[in-house]
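Residues per chain, in single letters:
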Amino acid sequence: MDKHYDPKAVEAKWYPIWENSGAFKPSGKGRPYSVVIPPPNVTGILHMGHALNDTIQDVLVRWHRMRGDDTLWIPGTDHAGIATQNVVEKALRKEGKRRQDLGREAFVQRVWEWKKQYGGTIVRQLRALGCSCDWSHERFTMDEGLSRAVAQVFTRLYDEGLVYRGNYIVNWCPRCGTALADDEVEHEPNHGHLWYVRYPVVGSAAGVNGEAYKDYIMVATTRPETLPGDTAVAVNPKDERYLHLHGKTVILPLTGREIPVLPDDYVEREFGTGIVKITPAHDPNDFLVGKRHGLAEINIMNGDGTMNDLAGAAYAGLDRFECRERIVNDLESGGFLDHVEDYDNQVGHCYRCHTVVESRLSPQWFVKMKPLAEPALEAVKSGKIAFTPKRYENTYFNWMEGIRDWCISRQIWWGHRIPVYYCECGHEWAAAEKPERCPKCGADASKITQDPDVLDTWFSSWLWPFSTLGWPDSTDDLARYYPTADLCTAPDIIFFWVARMIMAGCKFMGEVPFRNVNFHGVVRDAQGRKMSKSLGNSLDPLEIIGKYSADALRFTLMQTTSPGIDVFISMDKFEIGRNFGTKIWNAARFIQMHAGKIPGFSFAAHSGSNPGDAAGAAPERLSPDDRHILATADAALAAMDAALAGYRFQDAALAVYDFVWSQLCDWYLEVAKRDLYGADDARRAQVVAILADVFGRALRMIHPFMPFVTEEIWHQLGYATSETDSISHAPWPEPMSGELRAALGVTEEIRSYVNARHDLITAGRAVRAGISALKPSDKPAFVVSAKTPEAAIRLKEEAELLAGFLGASSVEILSGEHLSGMPTADTALGTIGLKLSGSIDAEAERKKARDEIAKLEGFLRTVEAKLSNETFLGKAPPAIVAQQKARREELLADLARKRAVLASLS
RNA sequence: GGGCGGGUAGCUCAGCUGGUCAGAGCACCUGGUUUACACCCAGGAUGUCGUGGGUUCGAGCCCCGCCCCGCCCACCA
């Protein structure tokens, strides 16, 4: 193995091998485990949010694959209607063209070309991340198959009366020229104004100047430019100030039109003046008021946000914001403007282009959501689908219970065209296939036109879990892999996507689309801002891969993320992952070096084994450290499995990190050197076998997080038998059986013994650090205090080794009262006392010892108080009381030791 | 306006159903030419766990109030 690990070369090498050998194709054997990727937009490039999302999925998928499940991860992309159309229109604009210049068909053709050329970016980037998707299952939401699914679903909903068309107020983006769904609108705080406008009461006076009216009412509005569309003003029916106005009419300033004053509950008495202007065509609430009172709907605006003729000759053609200024000026000069106040409110913006959204009256298609929501609600309530973290279930319930109809038509060209057809005879129908003739009058295709609108992008993504498996055909994939297992996503698309998929699954499949939804956090920068291109604060995953490696990116993300908690991250954090990769590499080199000295040694023999298998050959020769590392490996595995099962990726990452770094490398590898550099060949072979076992297991445990470096080492060391024999197919480790544990003597006593000795050595190291400046003649002496003879003997052996290593002058076993202590092994092996000699800073050491004694005495007092408290003794569980008693013993022992240290210093 | 999340060492965060729970990594300080690794090893210092009450024998952990930060939802013109 090379001295230095080169992730670039290694990572570039493995992905093609995996892909070409079909390593990520489902095996067809075992329990099915399937996942669909949240399809990124074709226009997208990989950002940190994807990196987190896709790494999580890959960890789950690789884990399940190694556990023998029949694993299928379906990748793909979303056609992203508005976003993609915007990108292509932008490119066209550089050529000085608009989409209208090309015409619909040519434009759509153009988008397809764009998709072919650039749409693969993100898909390539997923490979760089190491995602083990099955690319033979890759889908695109505008694929032939998925398009059929969309048409079929629409037709079915249409025929069942769950789709309807109507003239409604919708959110409208004037820049994109299309309707938007409610959740495609982002509300942001806006520092605006509240204009107070006088509406003269009819019959009070004559004249055109507002001030000339003695009798007027005052209306407060944030949107004066919609004034020409007013068809009434409204007051709260219970508002006593305005009872006299009921049934009166007022004059709409600037227009001279008479409009009625209406009582309506919608009006809040406290807000503004308590009188609201009603503009049914330009405000969702006013629209409803208008419907209740049969008001005219005057649409004064064009689709592009300019005013039309109905706004009046003076304003026609003006942009809406120019028009606002103009109207305010005109109101002022006409004497209608009373005063202006600053006013902060929320204004909706297009989630794609950030233009201020209009409420616009237009004919649109809607889906009735209530009937779809009910089973979907039940699916989560009954536990057929579980959310992690669970609290998102409430968010889901709240939204589903108040669900509103979904506006699915978009006035753009890129997308699934609405499959509704109109015949000249007046017949309207929906059909999955383009019709040859009118089913009613039999007219041929020339008399038939298709609805010009396309469907909301989410109308195809809500079918993703089954459309990608072949629906509406009944395929083997569908039978085997639906429902999918885990859906991983950030909570920001819980309504857009998650809820709708559940509805679609329940409705069209009669079965939930997935069993579990795992919500992870949103990736933010060190300042806590959401990473976005516009802020320029986005870390580029590819840059991180270039600088640190994909493994480093993945590992750092996993050890940083907590369920449902946002991830704050900065560049230097990826050193954690990089360093871990290097650590593993070096450990591998070390093991290989020693294995190379054992004739006929084979790593392959350990590629599927579990700890203990090889060590079992001569259990009587196992050292306490051998037993300890075997037991610790088991504990790490159990911790990791539990964490992954609970979607706690950070816990899983830390479990394996601590095991490999602190337990295996810092401890066992160092201890093993005594034997590895020793003269006993049989013992050396045994240690190498244990290392091969334990390290092979560690590699497999790390693999879901760091697929590349583990694969490389797997091959370099020879665990793999051929280039295509991937670690990703190696069996996931299993814990030792109870029999094996017993046979090998892997007991709790061993763990406490080794821990105690660890303390001894740690203490010894501290001593060395403390005396390093001393002359050679001033050597430390160890005082080992043990509570059982066996422990004392063992500790003496270790201490002697250590003493030789440290150059200590003597090791001394205290006898007498120290040996007559607790009989049980685990409490018997406490930490050691140290006797110091030599010209160390005795004064400082004494002070330290005195401080510690004082501290311990404090603790002891607390414990004593507790143990003499009748209530505590009566109410606390016996185990807790016992614990406190043990604590008292420990404290007493500690105290004795510290006092001994102090005495030795005096 | 409603709902949710967070406020623990200088920084980024762990602390599961109340009883060694005061932790990890980074940064910092001290020491290290021991034959896997300085992307390393050994050792060390650091916190009235946002705040004020309450429940309990016992509270970062449970309850109530308050203060910050962030997110989501919402038709107040």
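Look a little higher up for the structure.
First, a word on what this report is: a plain description of the structure on this page.

Each value, and the rule that gives it
Residues numbered from 1 in each chain as written. Chains lettered and ligands numbered in written order. Predicted model: local features only at pLDDT ≥ 70, side-chain atom pairs only at ≥ 80, totals over all residues. Heavy atoms only, no water. Helix = DSSP H or I, 4+ residues; strand = E, 2+ residues; numbered from the N terminus. Axes fitted to C-alpha atoms, helices over the stretch in contact; angles between N-to-C directions. Parallel < 35°, antiparallel > 145°, perpendicular 65-115°, else oblique. Contact = heavy atoms within 4.5 Å. Nonpolar A, V, L, I, M, F, W, Y, C, P; charged D, E, K, R; others polar. Polar contact = N/O pair within 3.5 Å; in protein donor to acceptor, adjacent residues only side chain to side chain. Phe/Tyr/Trp six-rings, centres within 6.5 Å; stacked < 30°, edge-to-face > 60°. Buried < 20%, exposed > 50% of the residue type's maximum accessible area, 1.4 Å probe, protein only. Lys NZ or Arg CZ within 6 Å of the ring centre and 35° of its normal. Salt bridge = Lys/Arg side-chain N within 4 Å of Asp/Glu carboxyl O. Core = buried A, V, L, I, M, F, W, Y, C linked by side-chain atoms within 4.5 Å. Arc of directions from axis to C-beta. Expected span 1.5 Å × (residues − 1). Pairing = 2+ DSSP bridges.

1. Points about unusual backbone geometry
Now for step 1: Omega for the bond connecting tryptophan 471 with proline 472 falls within 30 degrees of zero, at 15 degrees, which places this linkage in the cis form.
Now for step 2: Mapped onto the elements, proline 472 comes out in the loop between α13 (464-467) and α14 (476-481).
Now for step 3: Cis geometry is found at the peptide bond from tyrosine 482 to proline 483, where omega equals -5 degrees.
Now for step 4: Relative to the assigned elements, proline 483 resides in the loop between α14 and β22 (484-489).

2. Observations regarding the packing of helix α18 (residues 574-595) against helix α22 (residues 707-717)
Now for step 1: Viewed as axis vectors pointing N to C, α18 and α22 meet at an angle of 5 degrees, and their least axial separation amounts to 11 Å. Taken together, the axis directions place α18 and α22 in an arrangement best described as roughly parallel. Across the interface between the two elements, Gly581, Ile584, Trp585, Ala588 and Gln592 of α18 pack against Val709, Glu712, Ile713, Gln716 and Leu717 of α22.
Now for step 2: When the residues that make up the contact of α18 with α22 are grouped by side-chain class, the tally is six nonpolar, three polar and one charged.

3. Focus on the side chain of arginine 62
Now for step 1: Within the element layout of this structure, arginine 62 appears in helix α2 (residues 48-66).
Now for step 2: A polar contact is formed between the side chain of arginine 62 and the backbone oxygen of glycine 130, at a distance of 2.7 Å.
Now for step 3: Reaching out from arginine 62, the side chain makes a polar contact with the side chain of histidine 703 at a distance of 3.3 Å.
Now for step 4: Filtering out sequence-adjacent residues up to four positions away, arginine 62 remains in contact with Trp18, Phe24, Gly130, Ser132, Arg554, His703, Pro704, Pro707 and Ser728.

4. Notes on the packing of aromatic side chains
Now for step 1: Per the stated rule, a full pass over the model turns up 42 aromatic pairs.
Now for step 2: A centroid spacing of 5.4 Å and a plane angle of 35 degrees characterise the contact between tyrosine 657 and tryptophan 661, whose relative ring orientation is tilted. Taken as a pair, tyrosine 657 and tryptophan 661 lie in helix α20 (residues 649-676) at a separation of four residues, close to a single helical turn.
Now for step 3: The class for tyrosine 657 is partly exposed, based on a relative accessible area of 25%.
Now for step 4: One aromatic cluster is present, formed by Phe154, Tyr158, Trp365, Trp406, Phe459, Trp462, Phe466, Trp471, Tyr482 and Phe508 through successive ring pairs.
Now for step 5: Over the aromatic face of tryptophan 135 sits the side chain of arginine 127, whose NZ or CZ is 4.0 Å from the ring centroid.
Now for step 6: Of note, lysine 381 hangs over the ring of phenylalanine 397, and the distance from its end group to the ring centre comes to 5.3 Å.

5. Some remarks on the pattern of salt bridges
Now for step 1: Per the stated rule, a full pass over the model turns up 36 salt bridges.
Now for step 2: Here lysine 97 ties to glutamate 95 by a salt bridge, and the two come within 3.6 Å at their closest N and O atoms.
Now for step 3: Between aspartate 451 and arginine 165 there is a salt bridge; the shortest N-O distance is 3.7 Å. Of this pair, aspartate 451 sits in the loop between β20 (448-450) and β21 (454-455) while arginine 165 sits in strand β5 (residues 163-173), placing them 286 residues apart in sequence.
Now for step 4: Judged by its relative accessible area of 43%, arginine 165 is partly exposed.
Now for step 5: A single network of salt bridges, built from pairs that share partners, joins Arg223, Glu225, Arg320, Arg324 and Glu358.

6. Details of the nonpolar core
What tends to happen in soluble globular proteins is that the nonpolar side chains get buried as a cluster.
Now for step 1: Of all hydrophobic cores here, the largest spans 170 residues; its most connected members are Phe154, Phe387, Tyr396, Phe459, Trp462, Ile502 and Phe695.
Now for step 2: Sorting elements by how many residues they give to this core places α20 first, with 12 residues.
Now for step 3: When neighbours within four sequence positions are excluded, phenylalanine 154 is seen to be in contact with Val163, Trp365, Ile408, Ile418, Pro419, Val420, Ala430, Leu455 and Phe459.
Now for step 4: Counting 29 residues, the second largest nonpolar core, distinct from the first, contains Trp195, Ile300, Ala311 and Ile327.

7. Some details on helix α16 (residues 541-548)
Note that an α-helix has 3.6 residues per turn; residues three or four places apart therefore point the same way.
Now for step 1: Those residues of α16 that fall on the buried side of the exposure criterion are Pro541, Ile544, Ile545 and Tyr548. For α16, the angular spread of the buried residues around the axis is 100 degrees, confining them to a single face.
Now for step 2: Close packing links the buried residues of α16 with α1 (7-20), α2, α6 (121-129), α17 (550-560) and α18.
Now for step 3: Two or three places before leucine 542, at the opening of α16, aspartate 540 has a side-chain oxygen 2.9 Å from that residue's backbone nitrogen.

8. Considering α18
Now for step 1: Over its 22 residues, α18 extends 32 Å from the first C-alpha to the last, a length consistent with the 32 Å expected when each residue adds 1.5 Å.
Now for step 2: The set of residues buried in α18 consists of Phe574, Gly577, Phe580, Gly581, Ile584, Trp585, Ala587, Ala588, Phe590, Ile591, His594 and Ala595.
Now for step 3: The elements touched by buried residues of α18 are α2, α16, α17, α20, α21 (681-702) and α22.

9. Some points on the sheet that holds β22
Now for step 1: Reading across the sheet, the three strands line up as β15-β23-β22 and stay open at both edges, with parallel pairing between neighbours. If you trace the sheet from one side to the other, it starts and ends with β15 (386-388) and β22, each paired once. Pairs of neighbouring strands in the sheet enclose a mean axial angle of 20 degrees, with direction left out of account.
Now for step 2: One ladder, built from three bridges, connects β15 with strand β23 (residues 514-519); its direction is parallel. Within β23, the residue paired with alanine 386 across the bridge is asparagine 516.
Now for step 3: Sitting on the sheet, α2 touches β22 and β23, and the angle it makes with β22 is about 155 degrees.
Now for step 4: Along the sheet, helix α15 (residues 494-509) makes contact with β15, β22 and β23, crossing β23 at roughly 170 degrees.

10. Digging into the sheet that holds strand β10 (residues 249-252)
Now for step 1: In spatial order, the strands read β10-β11-β9-β12; together these four strands make up an open sheet with mixed pairing. A strand with exactly one partner marks an edge of an open sheet, and here the two such strands are β10 and β12 (275-278). Across the sheet, the mean angle from the axis of one strand to that of its neighbour is 35 degrees, orientation sign disregarded.
Now for step 2: Here strand β9 (residues 232-235) pairs with β12 via four bridges, running antiparallel. Bridging across to β12, alanine 232 finds its partner in isoleucine 278.

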